[in-house]
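Commentary on secondary and tertiary structure
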Amino acid sequence: MIGIFDSGIGGLTTVRAIMQALPGYNILYYGDTARMPYGSKSPETVRQYAMENTRFLVENGAKIIIIACNSAASTAMEAVTASFHLPVFEVVDPAVQAAVNAKGSLRIGVIGTRATIRSGIYESKIKALRPDATVHSVPCPLLVPLVEEGWLHTPETVRIVKKYLNPLKTRQVTSLILGCTHYPILKKIIHRKIGKHVRIIDSGSCVAQTVTDYLRQHPDMDAQLEKTNLHRFYVSDITEQFAISARTMLQEPIRLSQIRM
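Residues numbered from 1 in each chain as written. Predicted model: local features only at pLDDT ≥ 70, side-chain atom pairs only at ≥ 80, totals over all residues. Heavy atoms only, no water.

The test is simple: UniProt positions are given in the numbering used here, feature names are shortened, and annotations may be inferred rather than shown by experiment.
For the protein, an unreviewed UniProt entry supplies the name Glutamate racemase and the organism Desulfobotulus pelophilus. Per UniProt, the protein has the following entry under Pathway (unreviewed entry): "Cell wall biogenesis; peptidoglycan biosynthesis."

**Observations regarding the packing of aromatic side chains**
Two numbers describe a pair of aromatic rings. These are the distance of the centres and the angle of the planes. This is how the line gets drawn: Between the rings of Phe, Tyr and Trp (Trp by its six-membered ring), a pair exists once the centres lie within 6.5 Å; its type follows the angle of the planes, with under 30 degrees stacked, over 60 edge-to-face, and the other angles tilted. Secondary structure elements follow DSSP: runs of H or I of four or more residues count as helices, runs of E of two or more count as strands, with numbering from the N terminus. With a 1.4 Å probe rolled over the protein chains alone, any residue whose accessible area is under 20% of its type maximum counts as buried; one over 50% counts as exposed, and the rest are partly exposed.
Per the stated rule, a full pass over the model turns up five aromatic pairs. Taking the centre distance of 5.3 Å and the plane angle of 80 degrees together, the rings of Phe 56 and Tyr 234 count as edge-to-face. Taken together, the positions of Phe 56 in helix H2 (residues 43-59) and Tyr 234 in strand E9 (residues 231-235) put the pair 178 residues apart, joining distant regions of the chain. One exposure class covers both Phe 56 and Tyr 234, and it is buried. Between the aromatic rings of Phe 89 and Tyr 214, the centroid separation amounts to 5.2 Å while the plane-to-plane angle is 75 degrees, which identifies the pairing as edge-to-face. Highlighted residues: Phe 89 in strand E4 (residues 88-90) and Tyr 214 in helix H10 (residues 203-217), separated in sequence by 125 residues. Following the ring pairs from residue to residue traces out a cluster consisting of Tyr 30, Phe 56 and Tyr 234.

**With respect to the UniProt feature "binding site: substrate" (unreviewed entry) in the protein**
Our working rule: The way it works is a 1 Å grid over only the protein atoms, where trapped points that fit a 1.4 Å probe form a cavity and open points with protein on both sides within 12 Å along at least five of seven lines form a pocket, and then any residue with an atom within 4 Å of a point lines it. Any two residues having at least one pair of non-hydrogen atoms within 4.5 Å are treated as being in contact.
The residues that UniProt annotates with the feature "binding site: substrate" (unreviewed entry) are Asp 6, Ser 7, Tyr 38, Gly 39, Asn 70, Ser 71, Thr 181 and His 182. In summary, the annotated positions, though distributed over 177 residues, converge in three dimensions, the widest C-alpha pair being only 12.1 Å. The annotated residues that sit in the lining of the largest cavity are Asp 6, Ser 7, Tyr 38, Gly 39, Asn 70, Ser 71 and His 182. Inspection of the secondary structure assignment puts Asn 70 in helix H3 (residues 70-83). Discounting residues that sit within four places of it in the chain, Asn 70 has contacts with Val 91, Val 92, Thr 116, Tyr 122, Gly 179, Cys 180, Thr 181 and Ser 203. Inspection of the secondary structure puts Thr 181 in the loop between strand E7 (175-179) and helix H9 (187-194). Those residues in contact with Thr 181, other than ones at most four positions away along the chain, are Asp 6, Gly 10, Gly 11, Thr 13, Thr 14, Ala 68, Asn 70, Val 91 and Ser 203.

**Let's talk about the sheet that holds strand E8 (residues 199-202)**
Stated precisely, the cut-off is as follows: At least two DSSP bridges between two strands are required for those strands to pair. Orientation is described by lines fitted to C-alpha atoms, with helices fitted over the stretch in contact, and by angles between N-to-C directions that extend from 0 to 180 degrees.
The strand order E6-E5-E7-E8 describes an open sheet built from four strands, whose pairing is parallel. Two strands close off the open sheet at either side, each with one partner strand: strand E6 (134-139) and E8. Each neighbouring strand pair of the sheet contributes to a mean axis angle of 20 degrees, computed without reference to strand direction. Here strand E5 (residues 107-112) pairs with E6 via six bridges, running parallel. Its bridge partner lying in E6, Arg 107 is registered against Thr 134.

**Considerations on the UniProt feature "active site" (unreviewed entry) in the protein**
Residues given the UniProt feature "active site" (unreviewed entry) here are Cys 69 and Cys 180. With the annotated positions falling across 112 residues, the maximum pairwise C-alpha distance of 6.5 Å places them together in a single cluster. When the annotated set is filtered for residues lining the largest cavity, what remains is Cys 69 and Cys 180. Mapped onto the secondary structure, Cys 69 falls in the loop between strand E3 (64-67) and H3. Residues in contact with Cys 69, not counting those within four places in the same chain, are Phe 5, Asp 6, Ser 7, Tyr 38 and Val 91. As for its placement among the helices and strands, Cys 180 is situated in the loop between E7 and H9. With relative accessibility at 6%, the residue Cys 180 sits in the buried group. Here Cys 180 is in contact with Asn 70, Ile 111, Thr 113 and Val 144, once residues within four sequence places are set aside.

Right, dumping it as structure tokens:
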């Protein structure tokens, strides 16, 4: 079983990408909706949450872990890999690799939560691979609550997205990393406001490709994963809006079970 966790609904964009890349593979998802957003929490708190989430997934049969939360990936990856002896993937490195592989000028924009942007993880990883790249990062703390509330097409959301992206548009970025798995839900608005010429990099799709490649190269691990198209979804707090958004995002009915850490 492939285990995936996020602070809330955003990780379902990664679930959807995994479903498309690896159809039939069983998925176990945990959304920590009661304690979200992680982006405003301290690194110590995010690490604690990430460890608890991973333990839940492993105890319930996960053989592979995907940290589908940029805030957790930027602060807790080392702690998780040191404590759990199984393959662990996160959404940062695949997105960075996609950004530096782009042709032409490397003027890269990054949007994310305060925790992700404060960590500087995208800039440091990009610079390590391509010192000639220019990186501009902008925290967008209001986008996660807007997505969680289902405000996906309101004038207020459009105005907020435009305001956040204006500094990056001014700097004429050529690629934009969506450094939060909630943001692909607003991808159409983001693309329209940043400009159609800008390449949008969706970290969920990138990590799905990384996991697919890994399983092709490790048939022994692939053989351990069930492929009966059975998916289980857990959250720490069930809300009506989460259930509606989850069905919309995955384009299929799902049953949510509540469990608190």
